[in-house]
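These are the residues of each chain, in order.
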Amino acid sequence: AMTESKFDDKPRALWFELLKRTLYLPYAGTIVGSSRHAAYMRFLGVRPASIFEGYDTVSGERVRRLAGAPPAPLGAPYDKRHFTIIARLVPKKNIAMALEAYAQYRREAGERARDLCICGSGELEDALRRKARDLGLPDSIFRGFIQAPDIARVLATSLALILPSTEEQWGLVVNEAVAMGVPILCSTNIGARDLLVRAGVNGFVFEPDNSAGLAYFMR
């Protein structure tokens, strides 16, 4: 079996988890994302020796080729880079909190504040645009849905990737940002942070309800 589920993805019901244990009985092993995914598989009764990490990968070379630019700190000048969110505009992606954090960051950073680029579409787009206007943010921060080549090019000019999700089994955009040398600001719920984010080295981790913390790290 291949899975990227974690125990902390959502509230768990004991009876349903016991049922899931029986569903895994026929399998010889599982391929998972990282340590939290492996811990969940052990909880579901899979033998530790039959759990293998490395499920969630991308080609770093392909990302850099699509970007048409070298990874940071090369490429776009530091003072020309912007913050980037690449996500579907749905509740679990927690974009409303990120907007609050960005508004606070802009107040505190003043003239030095960087732009924000939100790439994605979804059911909350109209509501998020209204919230942004209420916070005094420009409508231009919303760039709409973009394809893989454009994602790579946006990351090539990014100061940091922001991923504030309340639920995120992995988050492959973190892999893509790492391929472009872009720091990560992500919530504790992001599965990819276990392997790919080291606080103070290539990013910072914050609680998904902590807009002040995200604003602090942006500043």
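Going by the structure above, here's the rest.
Residues numbered from 1 in each chain as written. Predicted model: local features only at pLDDT ≥ 70, side-chain atom pairs only at ≥ 80, totals over all residues. Heavy atoms only, no water.

Participant: Can you walk me through the overall build of the protein in this structure?
Facilitator: What the protein contains, in helices and strands, is 9 helices and 8 strands. Taken over C-alpha atoms, the radius of gyration comes to 18 Å for the protein, in line with the 17 Å a tight globule of 219 residues would show. Projecting the C-alpha coordinates of the protein onto the three principal axes gives extents of approximately 60 × 35 × 30 Å. Here the analysis covers contacts within the protein between residues at least 6 apart in sequence; of these, 65% occur between residues at least 24 apart. (Helix = DSSP H or I, 4+ residues; strand = E, 2+ residues; numbered from the N terminus. Rg over C-alpha atoms; globule rule 2.2 N^0.38 Å. Contact = heavy atoms within 4.5 Å.)

Participant: What is the right way to look at the environment of N175 in this model?
Facilitator: As for its position among the elements, N175 is in helix α7 (residues 172-179). It is 18 Å that separates the C-alpha atoms of N175 and C117, two residues lying 58 residues apart in sequence.

Participant: Can you walk me through the environment of P149 in this structure?
Facilitator: Here P149 is to be found in helix α6 (residues 148-155). Residue P149 is classed as partly exposed on the basis of its relative accessible area, which comes to 31%. In the structure, P149 is positioned 85 residues away from R64 in sequence and 9.7 Å away in space, judged by C-alpha atoms. (Buried < 20%, exposed > 50% of the residue type's maximum accessible area, 1.4 Å probe, protein only.)

Participant: Any chance you could explain the packing of aromatic side chains here in plain terms?
Facilitator: To describe a pair of aromatic rings, you give the distance between the ring centres and the angle between the ring planes. Scanning all chains against the criterion turns up 9 aromatic pairs. Aromatic side chains F7 and Y40 sit 6.0 Å apart centroid to centroid with 70 degrees between the ring planes, which places their arrangement in the edge-to-face category. You can see F7 sitting in the segment before α1 (14-23) and its partner Y40 sitting in helix α2 (residues 35-43), a full 33 residues away along the chain. For F7, a relative accessible area of 42% gives the class partly exposed. Aromatic pair Y216 and F217: ring centres 5.7 Å apart, planes at 65 degrees, arrangement edge-to-face. When its relative accessible area of 53% is taken as the criterion, Y216 is described as exposed. Taken together, the ring pairs in this structure connect F7, Y40 and F43 into an aromatic cluster. (Phe/Tyr/Trp six-rings, centres within 6.5 Å; stacked < 30°, edge-to-face > 60°.)

Participant: Would you take a moment to explain the pattern of salt bridges for this structure?
Facilitator: Pairing is possible between side chains that carry opposite charge, provided their charged atoms lie close to one another. On inspection of all chains with the given rule, the structure shows 16 salt bridges. Here R36 makes a salt bridge to D8, at a shortest N to O gap of 2.7 Å. With a gap of 28 residues between them, R36 in helix α2 and D8 in the segment before α1 connect regions that are remote in the sequence. Classification of R36 as buried rests on a relative accessible area of 17%. The partner of R36 in a salt bridge is D194, and the shortest N-O contact between them spans 2.8 Å. Taken together, the residues span a long stretch of sequence, with R36 in helix α2 and D194 in helix α8 (residues 193-196) at a distance of 158 residues. One salt-bridge network, held together by shared partners, links K6, D8, D9, R12, E17, K20, R36, R193 and D194. (Salt bridge = Lys/Arg side-chain N within 4 Å of Asp/Glu carboxyl O.)

Participant: Quick question: what am I supposed to make of α7 here?
Facilitator: Helical geometry: 3.6 residues make up each α-helical turn, so side chains three or four residues apart lie on a common side. Along α7, 6 of the 8 residues are buried, which leaves the element largely enclosed by surrounding structure. Among the residues making up α7, those that are buried are V173, V174, N175, E176, A177 and A179. Buried residues along α7 sit in contact with α3 (60-67), β3 (82-86), α6, β6 (158-163), β7 (184-187) and α8. Of the residues trailing α7, G181 is marked for its positive phi of about 70 degrees.

The values are spatial; any link to function lies outside them.
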